[in-house]
Amino acid sequence: MSTNFDRKCSSPSREGGALRQSPVFSLSPLKTTLATQKHEATLRVYISTIPVKSASTILGRLRNAEIDNGLNLQHLRRFAKYTDVPEHVLSSIQAARRSLGLGPDVDASQELLLLVGGINSVSHEEVHYIISPTVTPVPICSIMVPLLAPTSHEQAVSWSSRFWPTVYKKSNPFGPHPSIISRAQEDIDGDARTWMELAIGAGQESRRLGHGEAIGVAVVERCDGQPRLLAVSGDARWLDWKYGSSGNVAGHAVLRSIAMVATAIKASENGNIDSTETACTATRSIFHDKPMISAEHGQSRASTSRYLCHGLEIYCSHEPCVMCSMAILHSRFGKVIFNKRMPETGGLSSEGVLAHGLFWRKELNWTLLAWEMSNSDASDETLGLEINA
Amino acid sequence: MDSQATEANPGVSRAKEDMSSEEKAGELALQTDETPVGCVFVHEGVIIGRGMNATNRTLNGTRHAEFEAINEILTTPASTSSGDLTDAESSEGVPDQCEMKYTPAILKECDLYVTVEPCIMCASLLRQFGIRKVYFGASNEKFGGTGGVLNIHRANGRVPKEGEVLERHKDDYEVSGGWLREEAILLLRRFYVQENGKAPVPKKRKDRTVKDVEPLEETTQS
């Protein structure tokens, strides 16, 4: 076609052009839907005061009462010293004492503040019932606390000073734990760029040959730190397709790569059967499971028999559409990395128009790690916003 | 049998017949060690495509019944005379030589009957290819795309902002669940009792027996 395309198609090699710097890629983990939507959700809870010596008795009575069903408040201290809570918590409890005719003087060394439970899970009367055997009258008030666990030590410190003593337990209620993400990122950081450039190159070849949009995918296996390319595919939605509309939906690059991995697994399971035979044998098919363009040929076979694409890495030139995002989950991939975000049709991100954040949703039966791998080269052509990649 | 909406609906009896047809596809899947999901595409009262789940046979986790059925529809040759394929080379990637019976546009005039609610992937497939209405049996809270987890059939699953009414989009489609729900659920339960031999060994499973289906409190129309 035009020289314009040729220039764009020549994938930036590592030697780099003398005139044009090759693009710099940088990985940033995707946010989960929970992280973007429930950033600082709070919950109203009852608190009270008890004598220090009754703490274990009260703990037993709380356990028997079985309050806070389904609520996980493990990140909040059950008991707090007067010196450890914010000023507004102290004034609330003082007001409660005053309303019971109690004086403002408290022996802070002999008393503890107690977090009983969410006001929707326990009634005022129940709180009274739990505490009254140890001390009467019972000052009760309600305060706001963070609903979900903090994701960093700094956040825990900040919440402790604003709400109630909060503990960082190295867990992340919003998604995969930060340390897991950073470790996984270290694993792929060294060579992710190579695979992404292969994916982008395959997409450009597909586009140049008129097979499809400039969308490409590469699938990589990583064993003991050693990466191995399993499949490369370009989009094929316009191949053998004389109809308009949005093309052959079954020809999306993600689906094609998944099929190529399946073919490789089948070949390794059946001994050395020619892969052309194990691929779709029907004379006509909407599935384009066989390698067609040069970028797609010569990939190594799956080294071990595996269940679907379990644990593999998939590199996508564009954020996959809803269908392809879910196909990645169904195939049990371990990591997904995309270059260009598709703000209107992408299924992975939790931020764009759809905000499905499919890579990590608790209600789905599979979760994986996801990164946006943006590059500094903004001159690249972009797909139409309405396109499903 | 009476779990679905029983309002007077001229399509009901036909829908039941079509559902039975895809139940059979599900039965076949069960015999071939596939997760028993079957579907049929119906155009003007005629079944033009059938599919059953083929994920285990193909080792491809995306080969759901809907994909298989659409593949069948879009590759049905125009002439039914089988003596047509004299040219051996025609199998080598020149499909334009053979006229197809249906164009993809027909899908927008089809209704889909499927034993289990389409997953998010298939709901998006249907949205991108086009479909008129989806009738399903059991709903799918784990990864359903037409109400179970997301509502891909409406605005591609976008959640409306507070007070916003989603405008109808040209790719939106109608969905109706609960058809032959008990049969569909029993079909699935029988499969999970016999176990998916291809799946990794589960950590722990207690006695595997087929339980009865709890009645549905309300219809799951969406």
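Quick notes on the rules
- Position labels on residues start from 1 in each chain and follow its written sequence.
- Written order determines the labels here, with chains lettered from A and ligands numbered from 1.
- Confidence filtering applies because this is a predicted model: local features only for residues at pLDDT of at least 70, side-chain atom pairs given and counted only at 80 or more, and all residues used for totals across whole chains, interfaces and linings.
- No hydrogens and no water enter the side-chain calculation; it runs on all heavy atoms of the structure.
- A strand pair is defined by DSSP finding two or more bridges across the two strands.
- Counting from the N terminus, the helices are the DSSP runs of H or I reaching at least four residues and the strands are the DSSP runs of E reaching at least two.
- It only takes one pair of heavy atoms within 4.5 Å for two residues to be counted as in contact.
- The axes used here are C-alpha line fits, helices contributing only the stretch in contact, and every angle between their N-to-C directions lies in the interval 0 to 180 degrees.
- Two parts placed together each lose some accessible area under a 1.4 Å probe, and adding up what both lose gives the buried area.
- Should a side-chain nitrogen of Lys or Arg be within 4 Å of a carboxyl oxygen of Asp or Glu, the pair is scored as a salt bridge.
- Pairs of N or O atoms are called polar contacts if they sit within 3.5 Å, as long as, within protein, a hydrogen donor faces a hydrogen acceptor (for residues adjacent in sequence, only side-chain-to-side-chain pairs).
- Charged residues are taken to be Asp, Glu, Lys and Arg, nonpolar residues to be Ala, Val, Leu, Ile, Met, Phe, Trp, Tyr, Cys and Pro, and polar residues to be all remaining types, Gly included.
- Where each domain starts and ends comes from a domain assignment, either automatic or drawn from a database.
- Relative accessibility thresholds used throughout: buried, under 20% of the residue-type maximum; exposed, over 50%; partly exposed, between the two (1.4 Å probe, protein chains only).
- For crossovers, right-handed means that the path from the first strand over the helix to the second runs clockwise, given strands pointing away from the viewer.

Draft legend 1. Layout of the sheet that holds strand β4 (residues 111-118) of chain A. Residues and elements named next belong to chain A. Read across the open sheet, the four strands follow the order β3-β4-β2-β5; overall the sheet is antiparallel. In this open sheet, the two strands that pair with only one neighbour each are β3 (79-80) and β5 (140-146). Here strand β2 (residues 42-51) runs beside β5; their pairing, made up of seven bridges, is antiparallel. The residue bridging Thr42 from the neighbouring strand is Pro146, located in β5. In this fold helix α4 (residues 87-99) packs onto β2, β4 and β5, with an angle of close to 160° to the strand it touches most, β5. Helix-sheet contacts for helix α5 (residues 124-131) involve β2, β4 and β5, and the interaxial angle to β2 is about 30°.

Draft legend 2. Region of the structure containing the interface of chain A and chain B. Facing 42 residues of chain A, the contacting portion of chain B comprises 48 residues. For the pair chain A and chain B, the two sides together bury roughly 3700 Å², of which 64% comes from carbon and sulfur. Across the chain A-chain B interface, the total number found is two salt bridges. Between Arg63 of chain B and Asp289 of chain A there is a salt bridge whose closest N-O contact spans 3.2 Å. For the interface between chain A and chain B, the tally reads six residue pairs in polar contact (both at pLDDT 80 or more). Counting residues per element, the side of chain A that touches chain B draws most heavily on helix α9 (residues 253-269) of chain A, at seven residues. Each residue belonging to the side of chain A that touches chain B can be placed in one class, and the counts come to 22 nonpolar, 12 polar and eight charged.

Draft legend 3. Quick look at the domain arrangement of chain A. On domain assignment, one finds that chain A holds domain 1 (42-163) and domain 2 (178-268 + 286-375). Using only C-alpha atoms to locate each centre, domain 1 of chain A and domain 2 of chain A end up separated by 50 Å.

Draft legend 4. Fine view of the pattern of salt bridges. Residue and element names in this part refer to chain A. Tallied over the full model, the rule gives 20 salt bridges over all chains. The salt bridge involving Arg306 is made with Glu221; its shortest N-O contact spans 2.3 Å. Placement of the pair is Arg306 in the loop between α10 (275-278) and β8 (313-318) and Glu221 in strand β6 (residues 216-223), with a sequence separation of 85 residues. For Arg306, a relative accessible area of 17% gives the class buried. For Glu221, a relative accessible area of 3% gives the class buried. Several salt bridges share partner residues, and in doing so they unite Lys31, Arg341, Glu351 and Glu372 into one network.

Draft legend 5. Layout of the pairing of strand β4 (residues 133-138) of chain B. Residue and element names in this part refer to chain B. Counting buried positions along β4 yields five of six residues, so the element is predominantly enclosed. Here strand β3 (residues 110-116) pairs with β4 via five bridges, running parallel. Residue pairing in the sheet places Val114 in a bridge with Phe136 of β4. Taken together, β3, helix α4 (residues 120-129) and β4 constitute a β-α-β crossover, and its handedness is right-handed. Pairing of β4 with strand β5 (residues 174-176), which is carried by three bridges, proceeds in the parallel orientation. Considered in β5, the bridge of Lys133 is made with Glu174.

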